Amino acid sequence: MANPLPRADVLIAIMGAPHTGDLVTSAFRLSQALLARGARVHLWTCGHATGLTRQALGDGKPRNVVDWAREYPTTAALAAELLAAFPTALHWYACRFCSQERGTDAHIPGIRLRAPFKFTEHLDAADKAFFLGVC
C-alpha cells in the first residue's frame with residue numbers, strides 16, 4: 001500500500017487559467033495567510049495552472065520598461081519561497097496529465113506530480129476544500 005497523504009486543514013485547488021484575473025494572487029495570499037496561522041495546506045494545480053511552478057520560469061520576470069529598477073519574482077520563485085518557509089505544512093501537487101499535455105512537467109523541486117484520479121485522495125485528506133477557477 002502506498003504512503004497515505006499527510007492530513008491538511010485546507011486543500012486549495014487552482015483549476016482555472018492562472019493569468020486571467022486575481023486567481024494567482026488570491027491563491028498565494030490565502031496559502032501564505034493560512035500557513036502563517038499554523039494551518040497545513042495542500043495546493044493542487046490543474047489545467048494551465050500547472051505552469052505556475054515550471055522550472056523554465058526561472059527566478060525573475062523580464063524587466064518592466066516603466067519601472068526598470070524593480071525586479072519581480074516569477075510564480076515559480078514565489079512557490080519555492082513558500083515551500084522553503086513551510087516545508088512540513090505545505091504540500092504542493094500538480095496534475096500529471098495536465099502538466100504533460102502542456103509540456104510543463106519539469107517543475108521546481110518540491111512539486112509532486114499526481115494522476116488526476118488521485119485528486120479524491122486529497123479531498124479525503126483535507127478538512128476543507130477551496131476551489132479557484134474552473135477547468
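Conventions adopted
Residue numbers here run from 1 along each chain, matching the order of that chain's written sequence. Only residues with pLDDT of 70 or above have their local features reported here, since the model is predicted, and side-chain atom pairs are shown and tallied only from 80 upward, although totals for entire chains, interfaces and linings are computed over all residues. The side-chain values count all of the structure's non-hydrogen atoms but skip hydrogen atoms and water molecules. Only runs of H or I of at least four residues qualify as helices and only runs of E of at least two qualify as strands under DSSP, and these elements are numbered from the N terminus. Whenever two N or O atoms come within 3.5 Å, that pair is a polar contact, provided that in protein one can donate a hydrogen and the other can accept it, and provided that, for residues adjacent in sequence, both atoms are side-chain atoms. It only takes one pair of heavy atoms within 4.5 Å for two residues to be counted as in contact. Type-normalised accessible area, obtained with a 1.4 Å probe on protein chains alone, sets the label of each residue: buried when under 20%, exposed when over 50%, and partly exposed for intermediate values. In this description, strands pair whenever DSSP reports at least two bridges between them. Crossovers are described as right-handed under a simple rule: with the strands pointing away from the observer, the path leading from the first strand over the helix to the second runs clockwise. Salt bridge, as applied in this entry: a Lys or Arg side-chain nitrogen positioned within 4 Å of an Asp or Glu carboxyl oxygen.

**Examining the side chain of Thr75**
Part 1: Along the chain, the position of Thr75 falls in helix H2 (residues 75-85).
Part 2: A distance of 2.7 Å separates the side chain of Thr75 from the backbone oxygen of Leu52, its partner in a polar contact.
Part 3: Ignoring any residue separated from it by four or fewer positions in sequence, one finds Thr75 in contact with His19, Val24, Phe28, Leu52 and Leu57.

**A word on the pairing of strand S1 (residues 8-14)**
Part 1: Taking burial as the measure, the seven residues of S1 include six buried ones, the bulk of the element.
Part 2: Of the pairings in the sheet, the one linking S1 to strand S5 (residues 126-132) comprises six bridges and is parallel in character. Within the sheet, the bridge partner assigned to Val10 lies in S5 and is Lys128.
Part 3: As judged from the five bridges shared by S1 and strand S2 (residues 41-45), these two strands associate in the parallel manner. In the sheet register, Ile14 faces S2, and the bridge partner there is Thr45.
Part 4: Taken together, S1, helix H1 (residues 23-36) and S2 form a β-α-β motif whose crossover is right-handed.

**Let's talk about the pattern of salt bridges**
Once their charged atoms are close, side chains differing in charge can pair, the charge on each being opposite to the other.
Part 1: Considering all chains together, one arrives at five salt bridges under this definition.
Part 2: Arg102 is the partner of Glu101 in a salt bridge, and the nearest nitrogen-oxygen pair spans 3.2 Å.
Part 3: A residue is classified by how much of its surface remains accessible, and Arg102, at 31% relative accessible area, is partly exposed.
Part 4: A single salt-bridge network, built from bridges that share partners, covers Arg114, Lys118 and Glu121.

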